[in-house]
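Now for the letters of each chain:
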Amino acid sequence: MKEDIQVFDNVLQLIGKTPLIHLNRITETFEGDYYAKVEAFNPGHSTKDRIALYIIEEAERKGILKPGDTIIETTSGNTGFSIAMVSIIKGYECILAVSSKSSPDKIDMLKTMGAKVYVCPAHVSADDPRSYYMVAKRLHEETKGSVYINQYFNELNTDAHYKSTGPEIWAQTEGKITHLIACSGTGGTISGTARFLKEKNPSLKVIGIDAFGSVLKKYHETREFDTAEIYPYRIEGLGKNLIPTATDFDVIDKFIKVTDEESAHTTRELAKTEGLFVGYTSGAAMQGVKQLQELGEFDSNSQVVIIFPDHGSRYMSKVFNDKWMAEQGFFDSEHQEESLGIEF
Ligand code: PMP
């Protein structure tokens, strides 16, 4: 049970210092120990609180941001929520260009937090004027006194994790971590965390989780940007159709790809087996661990840390919605009994 009952000046003081939670049942037959770094315990319910606070405070420190200024970003939802939350406390305007792939819940949440939201088509190339990158860039140029966070191409994104997530995991595992498993979107989480941990222990293994339909794994292996790898997929926040400079491919040992369907079922399984109500990419990361285990990646000495990026409440209209699951064809004969709707 928790011992500290503290009082805080505002929500921002609760960012970071998230718990590492031992996985007991989903990993029962695996060799080694498995811990989830549950980022849903941040006040904005995701790992993106860390980068929002860090990048905004760095801009303040450098005198780039003044009271009343506007903060602009492209986001699949989580970064936007975190920036909106930090903006409210610190008194900034927040404008967000988001992908139409984002769940309606996420878009409503951003509006609730006072952000101005532009919804942009998901399946256009990054350099298309309608893409959320190009819309954000244009809004930044048109809005006086604005700062563009640009998380995919901002090294401060990576630094935020180097300075917080990495040291926390090192302390929480007392330096015993052998494997770090994390999803890669901007790559900030995996790169910053891995960079810190590998400085402490160069033999640490770092494995990124990528989506089918994303270029990251192929780029890591060949250093070639292969557009043939790109096609639509459902998981939000994982994988990419461009190469983000926030990703340090040199600190990542390898990538593994996971499917939308298996990741969805593993997300639901985490809730049912561990009581961890976490987001779709947490299930994707856990799915990656299952595949790695089958490939013989771990042994009895393995101390595996898996980053769970956000909270399950953001996916009530998707992964945790039976109708959505059925529409995707995810309740095939193998998974029919998992439908939540069988008890009429
Ligand atoms: N999971 C979710 C739900 C996310 O929103 C993101 C960010 N795009 C990630 C994982 C990946 O984190 P990062 O951008 O630090 O690679």
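The protein is annotated in an unreviewed UniProt entry as Cysteine synthase family protein of Antarcticibacterium arcticum. Quoted verbatim from the Cofactor (unreviewed entry) heading of the UniProt record, the comment on the protein is "pyridoxal 5'-phosphate".

Visitor: Go over the site of the ligand, please, and point to the residues and values.
Guide: Taken together, 16 residues sit near the ligand, with Gly185, Thr186, Gly187, Thr189 and Thr281 positioned nearest. Between the ligand and Gly185 there is a distance of 2.7 Å, counted from an oxygen atom to a backbone nitrogen or oxygen. Residue Thr281 places a side-chain N or O atom 2.7 Å away from a nitrogen atom belonging to the ligand. Protein contacts shield 98% of the accessible area of the ligand, which totals 390 Å² for the unbound molecule. Class assignment for the residues of the shell around the ligand results in 3 nonpolar, 10 polar and 3 charged. Both domains that meet at the shell around the ligand, namely domain 1 (11-46 + 157-328) and domain 2 (47-148), each give it at least three residues.

Visitor: Any chance you could break down the pattern of salt bridges for me, citing the residues and the numbers?
Guide: Counted according to the given criterion, the structure contains 25 salt bridges. For Glu297, the salt bridge is made with Lys254, and the minimal N-O distance between the two is 2.9 Å. Of this pair, Glu297 sits in the loop between helix 10 (280-294) and strand 10 (303-308) while Lys254 sits in strand 9 (residues 254-258); the two residues are 43 residues apart in sequence, bridging distant segments of the chain. Residue classification places Glu297 among the buried residues on the basis of a relative accessible area of 14%. Overlapping salt bridges, with partners in common, bring together Lys37, Glu39, Arg50 and Glu168 in one network.

Visitor: Go over the sheet that holds strand 4 (residues 93-99) with me, naming the residues and quoting the values.
Guide: Across the sheet, which stays open at both edges, the 4 strands sit in the order 5-4-3-6 with parallel pairing between neighbours. Only two strands of the sheet have a single neighbouring strand rather than two, namely strand 5 (116-120) and strand 6 (146-148). Direction aside, neighbouring strands of the sheet carry axes that sit 20° apart on average. Across 6 bridges, the pairing between strand 3 (residues 70-75) and strand 4 is parallel. Paired with Thr70 across the bridge in strand 4 is Glu93. Contacting strand 3 and strand 4, helix 2 (residues 78-90) runs over the sheet at an angle of about 165° to strand 3.

Visitor: Please give an account of the side chain of Lys198 that cites residues and values.
Guide: Summarising the element assignment, Lys198 is placed in helix 7 (residues 188-200). Leaving out residues up to four positions away in the same chain, Lys198 has contacts with Leu204, Val206, Val251 and Asp253.

Visitor: Report on the packing of aromatic side chains, specifying residues and quantitative values.
Guide: The final tally for this structure, using the stated rule, is 10 aromatic pairs. Ring centres 5.9 Å apart and planes at 85° place the aromatic pair Tyr133 and Tyr152 in the edge-to-face group. Here Tyr152 lies in the loop between strand 6 and helix 5 (155-163) and Tyr133 lies in helix 4 (residues 132-142), a separation of 19 residues in the sequence. What makes Tyr133 buried here is its relative accessible area of 9%. Taken together, the aromatic side chains of Phe30, Tyr34 and Phe298 make up a single cluster linked through ring pairs.

Visitor: Give a detailed account of helix 6 (residues 165-172), specifying residues and quantitative values.
Guide: What helix 6 keeps buried is the set Thr165, Gly166, Glu168 and Ile169. Relative to the axis of helix 6, the buried residues are bounded by an arc of 165° and lie together on one face. Of the surrounding elements, those touching the buried residues of helix 6 are strand 2 (33-38), helix 1 (48-61), helix 5, strand 7 (179-183), helix 7 and strand 10. Glu174 occupies a position one or two residues after helix 6 and carries a positive phi of about 50°.

Visitor: Could you give an account of the sheet that holds strand 9, with specific residues and numbers?
Guide: Taken together, 6 strands build an open sheet; the order of strands is 1-2-10-7-8-9 and the sheet is mixed. Pairing within the sheet leaves two strands with one partner each, and these edge strands are strand 1 (20-22) and strand 9. Put simply, the sheet's adjacent strands are angled 25° from each other on average, direction ignored. The pairing of strand 7 with strand 8 (residues 205-211) spans 5 bridges and is classified as parallel. Counterpart to Ala182 in the pairing with strand 8 is Gly208. Lying on the sheet, helix 6 is in contact with strand 1, strand 2, strand 7 and strand 10; it crosses strand 2 at an angle near 140°.

Visitor: Explain the nonpolar core to me, and be specific about the residues and the numbers.
Guide: Leu23, Ile181, Ile209, Ile306 and Phe308 are the most contacted members of the largest nonpolar core, which totals 38 residues. Elements with a minimum of two residues in this core: strand 2, strand 7, strand 8, strand 9, helix 9 (260-274), helix 10, strand 10 and helix 11 (322-327). Ranked by residues supplied to this core, first place goes to helix 10 with 6 residues. With sequence-adjacent residues up to four places away left out, Phe308 is seen in contact with Leu23, Ala36, Lys37, Val38, Glu39, Ala40, Leu270, Leu276, Val278, Ser282 and Met286. Judged by nonpolar contacts, the second largest core, of 29 residues, contains Ile51, Tyr92, Ala115 and Ile149.

Visitor: An account of the packing of helix 9 against helix 10 is requested, with residue identities and associated values reported.
Guide: Between two packed helices, both the angle of their axes relative to each other and the distance between the axes serve to describe the pair. Axis separation between helix 9 and helix 10 bottoms out at 7 Å; the angle between their running directions is 105°. With respect to helix 10, the element helix 9 is oriented roughly perpendicular. In this structure, helix 9 contributes Asp260, Glu262, Ser263, Ala264, Thr266, Thr267, Glu269 and Leu270 to the contact, and helix 10 contributes Tyr280, Ser282, Gly283, Ala284, Met286, Gln287, Lys290 and Gln291. In terms of residue class, the contact of helix 9 with helix 10 is made up of 5 nonpolar, 7 polar and 4 charged.

Calculation rules
- Residues numbered from 1 in each chain as written.
- Predicted model: local features only at pLDDT ≥ 70, side-chain atom pairs only at ≥ 80, totals over all residues.
- Heavy atoms only, no water.
- UniProt positions renumbered as here; feature names shortened; annotations may be inferred.
- Near = heavy atom within 4 Å.
- Polar contact = N/O pair within 3.5 Å; in protein donor to acceptor, adjacent residues only side chain to side chain.
- Areas by Shrake-Rupley, 256 points an atom, 1.4 Å probe, with all protein chains shown as cover.
- Nonpolar A, V, L, I, M, F, W, Y, C, P; charged D, E, K, R; others polar.
- Domains from an automatic or database assignment.
- Salt bridge = Lys/Arg side-chain N within 4 Å of Asp/Glu carboxyl O.
- Helix = DSSP H or I, 4+ residues; strand = E, 2+ residues; numbered from the N terminus.
- Buried < 20%, exposed > 50% of the residue type's maximum accessible area, 1.4 Å probe, protein only.
- Pairing = 2+ DSSP bridges.
- Axes fitted to C-alpha atoms, helices over the stretch in contact; angles between N-to-C directions.
- Contact = heavy atoms within 4.5 Å.
- Phe/Tyr/Trp six-rings, centres within 6.5 Å; stacked < 30°, edge-to-face > 60°.
- Arc of directions from axis to C-beta.
- Core = buried A, V, L, I, M, F, W, Y, C linked by side-chain atoms within 4.5 Å.
- Parallel < 35°, antiparallel > 145°, perpendicular 65-115°, else oblique.

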